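Examination of the molecular architecture
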Amino acid sequence: KYNIDFISEFMIFQDFVEDCTAKAAVCPLWLSKKLFLNKCELLRLNIVNRISQILKDMINDVNIGINEKTAGKWLLTIWDLPRLSQHVRNNNKQGNHEKRQNDKNNSSKIRNEKEDIEEEEEELKNEEVHYSIEDIADFIVGLLFAAHKNPSIASAQTIMNVLEYDNNNGSNHENKNQSHLLNRVMKEAIHVTNMVSNHESAITKTETETHDTNMNYIFTNALTQCPIIDKVALETLRITAHSIGAVRKVMCKDGWTIAVDHDDELLVHENHLDGGGSDERHGQEKDSKDVRMYTLPFGSYVGVSHIIPHRDIARWGFDCHLFNPFREDLITKCKDPFLFTTFSHGVHACPGSRVALQIVRMFIITFLSTFKYIESSSSTTKGPNIPPISFERATLAQRSDVCSLKCSM
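I will try to describe carefully the structure that is included in this document. (Residues numbered from 1 in each chain as written. Predicted model: local features only at pLDDT ≥ 70, side-chain atom pairs only at ≥ 80, totals over all residues. Heavy atoms only, no water.)

Brief notes about the overall build of the chain
Note the cut-off: The numbering of helices and of strands both runs from the N terminus, where a helix is a DSSP run of H or I of at least 4 residues and a strand a run of E of at least 2. Categorising residues by exposure relies on relative accessible area from a 1.4 Å probe, with only protein chains included: less than 20% of the type maximum marks a residue as buried, more than 50% marks it as exposed, and the intermediate range marks it as partly exposed. Whether two residues are in contact is decided by their heavy atoms, any of which lying within 4.5 Å being enough. Each accessible area value is a Shrake-Rupley result obtained with a 1.4 Å probe; residue values ignore everything except the protein chains displayed when judging cover.
Assigned secondary structure in the chain consists of 14 helices and ten strands. The burial tally for the chain puts 37% of its 409 residues in the buried class. In the chain, the proportion of contacts linking residues at least 24 apart, taken out of those at least 6 apart, comes to 74%. Of the roughly 24800 Å² of accessible surface on the chain, 54% is carried by carbon and sulfur atoms.

The following block contains the structure:
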């Protein structure tokens, strides 16, 4: 009832937010508000109102209602979470302040400030109210925006990268264990699905309370037996990292050095690094004359894109611009926040990185265990004609054009 139409509206809002963010960064605030920020706020309010109406319909429909099955545990948690309304908080604060002032004037003993604060907090606890439907709808918009855009891009890009890898390497790959990547990922996806299904079918009524805990364990344990799923997801996140900039301070005592292929168009040409050369680098032998070294001294500040550390050939190899899930020590390197910066690092690190990666894993598993045959709808005798990766958007890198797939159950 609410699915496709709502998703389309929400994606339009997401794209508009990205566009507004980029424009507002270079325009005066007064101009930004008039031209696009006010419109962006209206789009958000429209979505909040729409979600509010959906929640109200669920409450009023006796056949649906708000329960774990219809709303999910996280929404129920917000629904039941008590809070203090600002009105109650302000009124109590004002009344308690006046009361304490009278007490102080009428008593020779001045009360300790800490005791006053504890008393105020205790009184406020008695005035709890719950979040309104509009508040909850606003939370949902924020959660959707954070949890939907980039995990969706990463999930779709992973599938396209796997198809593209097989097209570029195929059965002629020098290492037979690295060929037919799609079939290998599919086999792992089916394995995880079967393990979860077998566990669910064995659950008794007395075990339902520990069901979620057990399922999480089963799912995590199944993934440990399926390393290719993790590798294709992490490698996709590596080569599609944001090209947007971040200001960072060099903390290494010896400075920070990056080795760049002087033919790398993304870094050399688009970021105006000193270099040049042709784009005919695929499969060629490389030597030191093709490498440009850039060193930033300790303590200096630099505007750097998240993708740049992933194009360091000293750490990732001359094929660092290519998707290669069999890259040496890939999983180990992706645990290093200074080598793998898709989720940023330090105080700027994404707080939902683990959840995002789990979403990508679950999409891969669900998608590839559902379909037994997948190909690009524009496939030719030479393989799928998949558009190249584009770094023009303020998100994970997307494709330069629409990608279509043919799938059969």
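Don't stop here, the text continues.
Things to note about the packing of aromatic side chains
Quick reminder of the rule: Think of it this way: a Phe, Tyr or Trp ring, Trp meaning its six-membered ring, pairs with another when their centres are within 6.5 Å, and the plane angle makes it stacked under 30 degrees, edge-to-face over 60, tilted otherwise. Lysine NZ or arginine CZ positioned within 6 Å of the ring centre and within 35 degrees of the ring normal marks a charge as sitting over the ring.
Taken as a whole and judged by the stated rule, the model has seven aromatic pairs. Among the aromatic residues, those joined into a cluster by ring pairs are Phe 6, Phe 10 and Phe 13. Geometry around Trp 316 places Arg 238 over its ring, the cationic atom sitting 4.9 Å from the centre. Positioned above the aromatic ring of Trp 316, the side-chain terminus of Lys 333 is 5.3 Å from the ring centre.

Topic: the nonpolar core
As a reminder, the rule being used: Side-chain atoms within 4.5 Å are what join buried Ala, Val, Leu, Ile, Met, Phe, Trp, Tyr and Cys residues into a set we call a nonpolar core.
In this structure, Leu 181, Val 185, Val 232 and Leu 368 are the most contacted members of the largest nonpolar core, which totals 48 residues. For this core, the elements supplying multiple residues, two or more each, are helix H7 (133-169), helix H8 (181-201), helix H9 (211-224), helix H10 (227-239), helix H12 (313-316) and helix H14 (353-370). The residues touching Val 185, leaving out its near neighbours within four places in the chain, are Ile 228, Ile 229, Val 232, Ile 364 and Leu 368. Counting residues in each nonpolar core, the second largest holds 21 residues, with Phe 36, Ile 47, Leu 55 and Met 58 among its members.

Notes on H14
The criterion, for reference: By this rule, a helix spans an expected 1.5 Å times one less than how many residues it contains.
For H14, built from 18 residues, the straight-helix expectation of 26 Å at 1.5 Å per residue is met to within 8% by its first-to-last C-alpha distance of 26 Å. When we look at burial in H14, the residues that qualify are Ala 356, Leu 357, Gln 358, Val 360, Arg 361, Ile 364, Ile 365, Phe 367 and Leu 368.

So, the environment of Tyr 165
The residue Tyr 165 is located in helix H7 in this model. Sequence separation of Tyr 165 and Asn 324 is 159 residues, and the distance between their C-alpha atoms is 7.7 Å.

Quick word on the side chain of Asn 324
So the rule is basically this: In protein, a polar contact requires one atom able to donate a hydrogen and another able to accept it; more generally it is a pair of N or O atoms within 3.5 Å, and residues adjacent in sequence count only if both atoms are side-chain atoms.
Mapped onto the fold, Asn 324 is located in the loop between H12 and helix H13 (330-333). For Asn 324, a relative accessible area of 17% corresponds to the buried category. For Asn 324, the side chain forms a polar contact with the side chain of Asp 319, separated by 3.5 Å. Not counting chain neighbours up to four residues away, the residues in contact with Asn 324 comprise Tyr 165, Glu 235 and Asp 319.

Here's the deal with the packing of H10 against H14
What counts here: Only C-alpha atoms enter the line fits that serve as axes; for helices the fit covers just the stretch in contact. Angles between N-to-C directions range over 0 to 180 degrees. Between 65 and 115 degrees an angle is taken as roughly perpendicular, under 35 as roughly parallel, over 145 as roughly antiparallel, and anywhere else as oblique. By definition, turning the near helix anticlockwise from the far helix through less than a right angle yields a left-handed crossing, and turning it clockwise yields a right-handed one.
Interhelical geometry of H10 versus H14 gives an angle of 125° and a closest axis separation of 10 Å. Judged by the angle between their axes, H10 and H14 are oblique. Where H10 crosses over H14, the handedness of that crossing is right-handed. Packed against H10, whose contacting residues are Ile 229, Asp 230, Val 232, Ala 233, Leu 234 and Leu 237, the element H14 presents Leu 357, Val 360, Arg 361, Ile 364 and Ile 365 at the interface.

A closer look at helix H2 (residues 29-60)
To be explicit about the condition: For a residue, the bend is simply the angle between two axes, fitted respectively to the seven-residue segment ending there and the seven-residue segment starting there.
The largest bend along H2 measures about 50° and falls at Phe 36. Within the span of H2, buried status applies to Ser 32, Phe 36, Cys 40, Ile 47, Val 48, Ile 51, Ser 52, Ile 54, Leu 55 and Met 58.

Re the pattern of salt bridges
Note on pairing: side chains with opposite charge can pair once their charged atoms come close. Note the threshold: Salt bridge, as used here, is a side-chain nitrogen of Lys or Arg placed within 4 Å of a carboxyl oxygen of Asp or Glu.
All chains considered together, the criterion is met by eleven salt bridges. For Asp 138, the salt bridge identified is with Arg 44, shortest N-O distance 3.1 Å. Of the two residues, Asp 138 is situated in helix H7 and Arg 44 in helix H2; the sequence distance between them amounts to 94 residues. With its nearest N and O atoms 2.0 Å apart, the salt bridge here joins Arg 315 to Asp 312. You can call Arg 315 partly exposed: its relative accessible area is 33%. For Asp 312, a relative accessible area of 2% gives the class buried. One network of salt bridges, in which partners are shared, links Glu 235, Arg 238, Asp 319 and Arg 327.

Some remarks on unusual backbone geometry
Its identity is not glycine, yet Asp 329 carries a phi of approximately 55°, on the positive side. For Asp 329, the location among the structural elements is in the loop between H12 and H13. On the accessibility criterion, Asp 329 (48% relative accessible area) is partly exposed.

Observations concerning the environment of Asn 167
Among the structural elements, Asn 167 can be located in helix H7. Taking C-alpha positions, Asn 167 is 9.9 Å from Ile 386, a pair spaced 219 residues apart along the chain.

Remarks on the side chain of Gln 157
Checked against the element boundaries, Gln 157 lands in helix H7. Accessibility expressed as a relative area gives 2% for Gln 157, which makes it buried. Of the polar contacts made by the side chain of Gln 157, one reaches the backbone oxygen of Ala 397; its length is 2.7 Å. Contact partners of Gln 157, with chain neighbours within four places excluded, come to Thr 236, Thr 240, Ile 389, Ala 397, Gln 398 and Arg 399.

What to know about the state of the cysteines
Put simply, the test is: Here, two cysteine sulfur atoms that lie within 2.5 Å of each other are counted as a disulfide.
Tallied over the entire structure, the rule returns zero disulfides. Unpaired in this structure, Cys 40 has its nearest cysteine sulfur neighbour in Cys 20, at a distance of 4.3 Å.

Here we look at the environment of Arg 315
For Arg 315, the position within the fold is in helix H12. For the pair Arg 315 and Ile 258, spaced 57 residues apart in the sequence, the C-alpha separation amounts to 8.8 Å. Those residues within four positions of Arg 315 in sequence are excluded, and the remaining contacts are Thr 257, Lys 333 and Leu 339.

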